[in-house]
Every structure is written in C-alpha cells, then in structure tokens.
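Structural characterization, general
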Amino acid sequence: QVQLVESGGGLVQPGGSLRLSCAASGFTLDYYAIGWFRQAPGKEREGVSCITSSDGSTYYADSVKGRFTISRNNAANTVYLQMNSLKPEDTAVYYCATGSSTKCSSWWVYGHGMDYWGKGTLVTVSS
C-alpha cells in the first residue's frame with residue numbers, strides 16, 4: 001500500500017522559512033520521481049517542484065525558483081521541500097505525489113503521471 005505523509009507546515013511570517021517533509025511507505029522512493037504541489041484558497045492546484053530518481057534532476061515552478069529547494073534522503077525514505085523567503089502568495093495546502101516513473105513528466109506541473117497523493121500540510125504565510 002503506497003502511502004505519502006506530509007509534515008512541517010505551519011504559520012510563518014513573510015520572509016521566513018519552513019521545511020516540508022514527505023515520508024513514503026509501501027514503496028522505496030529511490031526508484032520513483034516525487035513532486036510537490038500546492039493549492040491556495042480559491043485557486044487551482046499547481047506544481048511547485050519535482051525530483052527524479054534516475055539522476056536526481058530537479059525542476060521548479062518559476063514562482064519559486066531561487067527560493068525553494070527539493071531534496072531527498074533515500075535512507076530515510078523521505079523527500080523534503082526547503083522553502084525560504086516565503087511570501088503571502090505561498091499560502092496553500094502543500095501535497096507530495098508520486099507515480100510509476102523514475103522521471104518527472106514534461107507536464108509534471110499539472111500532476112501528470114502522479115497516481116498517489118498525500119493528504120497535504122497547510123502552510124500559512126502572514127504577519
């Protein structure tokens with residue numbers, strides 16, 4: 001049974017930082033691409049970042065480039081999203097997801113190829 005559990009969300013002031021974790025069970029994430037997505041209140045879900053298992057390549061939405069960093073710890077079966085210089089527009093429920101591929105789809109920002117999703121963790125950026 002594939003399961004993904006996000007953690008690390010919370011309330012942070014603009015300019016602050018948070019690190020989100022995505023813990024995997026039921027499979028070894030070493031062999032699968034993992035993506036982070038978010039959905040802000042009243043908005044559609046959008047892709048934030050994706051990391052491959054084939055070579056560790058990373059991809060980011062333009063809105064978070066230079067501020068967010070995705071990484072993995074295979075020994076812990078966990079993927080992380082380090083979020084720095086947070087802005088109010090980063091407020092959203094953040095989800096991690098995976099599929100059956102070692103690579104991130106060219107359409108990963110839309111969740112293409114992602115078959116398993118966590119329940120999400122809420123990030124609120126406000127003063």
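For the structure itself, consult the block above.
Residues numbered from 1 in each chain as written. Predicted model: local features only at pLDDT ≥ 70, side-chain atom pairs only at ≥ 80, totals over all residues. Heavy atoms only, no water.

Digging into the overall build of the chain
Spelled out, the test is: Helix and strand definitions here come from DSSP, where helices need a minimum of 4 consecutive H or I residues and strands a minimum of 2 consecutive E residues; each element is numbered from the N-terminal end. For this measure, only C-alpha atoms enter the radius of gyration; the expected value for a globule follows 2.2 Å times N^0.38, where N is the number of residues. Buried residues are those whose accessible area, probed at 1.4 Å on protein chains only, stays under 20% of the maximum for their type, while exposed residues exceed 50% and partly exposed ones sit between those limits. The contact criterion used is simple: two residues touch if any of their non-hydrogen atoms lie within 4.5 Å. Computed by Shrake-Rupley with a 1.4 Å probe, the accessible areas treat only the displayed protein chains as cover when residues are assessed. Residues scored as positive are Lys and Arg, those scored as negative are Asp and Glu, and His as well as the terminal groups of each chain are ignored. Charged groups are reduced to one reference atom each: NZ for lysine, CZ for arginine, CG for aspartic acid, CD for glutamic acid.
The secondary structure content of the chain amounts to zero helices and eleven strands. The order of helices and strands in the chain, counted from the N terminus, is β-β-β-β-β-β-β-β-β-β-β. Computed over C-alpha atoms, the radius of gyration of the chain comes to 13 Å, within 12% of the 14 Å expected from 2.2 N^0.38 for 127 residues, which places it in the range of a compact globule. Overall, the C-alpha framework of the chain stretches about 40 × 25 × 25 Å when taken along its three principal axes. Within the chain, buried positions represent 44% of all 127 residues. Contacts in the chain between residues far apart in sequence, at least 24 positions, make up 62% of those at least 6 positions apart. Carbon and sulfur atoms form 47% of the exposed surface of the chain, whose accessible area is close to 6500 Å². A gap of 3 Å separates the mean positions of the 10 positive and 9 negative side-chain charges of the chain.

As for the environment of N73
Within the secondary structure, N73 sits in strand β7 (residues 68-73). Separated by 46 residues in the primary sequence, N73 and K119 have C-alpha atoms spaced 21 Å apart. Ignoring sequence-local partners within four residues, the contact set of N73 consists of T78 and Y80.

Observations concerning the packing of aromatic side chains
Rules: The criterion for an aromatic pair is that two Phe, Tyr or Trp rings (for Trp, the six-membered ring) have centres within 6.5 Å, with stacked assigned to planes under 30 degrees apart, edge-to-face to planes over 60 apart and tilted to the rest. Whether a charge sits over a ring depends on NZ of Lys or CZ of Arg being within 6 Å of the ring centre and within 35 degrees of the ring normal.
Counted under the stated rule, the structure contains four aromatic pairs. Ring centres of F27 and Y32 lie 5.6 Å apart, and the angle between their planes is 80°; on these two criteria the pair is classed as edge-to-face. Relative accessible area serves as the criterion here: at 27%, Y32 is assigned to the partly exposed category. With a centroid separation of 6.1 Å and 35° between ring planes, the pair formed by W107 and Y110 is classed as tilted. What makes Y110 exposed here is its relative accessible area of 59%. Lying across the ring of F37, R45 places its NZ or CZ 5.7 Å from the centre.

A look at the pairing of strand β9 (residues 92-98)
Threshold: One requirement defines pairing of two strands: DSSP has to find at least two bridges between them.
The element β9 is largely enclosed, with a buried count of six among its seven residues. Here strand β4 (residues 34-39) pairs with β9 via six bridges, running antiparallel. Of the residues in β9, the one forming a bridge with F37 is Y95. In terms of strand pairing, β9 meets strand β11 (residues 121-125) through three bridges, oriented antiparallel. For V93, the partnering residue across the bridge sits in β11 and is L122.

Let's talk about the state of the cysteines
Defined as follows: Disulfides are defined as pairs of cysteine sulfur atoms found within 2.5 Å of each other.
Under the criterion given, the structure shown has two disulfides. The disulfide that involves C22 links it to C96, with 2.1 Å between the sulfurs. Taking the sign of the S-S torsion, about 75° here, the bridge from C22 to C96 comes out right-handed. A residue pair is termed long-range when its members are at least 10 positions apart, and C22 in strand β3 (residues 18-25) and C96 in strand β9 qualify at 74 residues.

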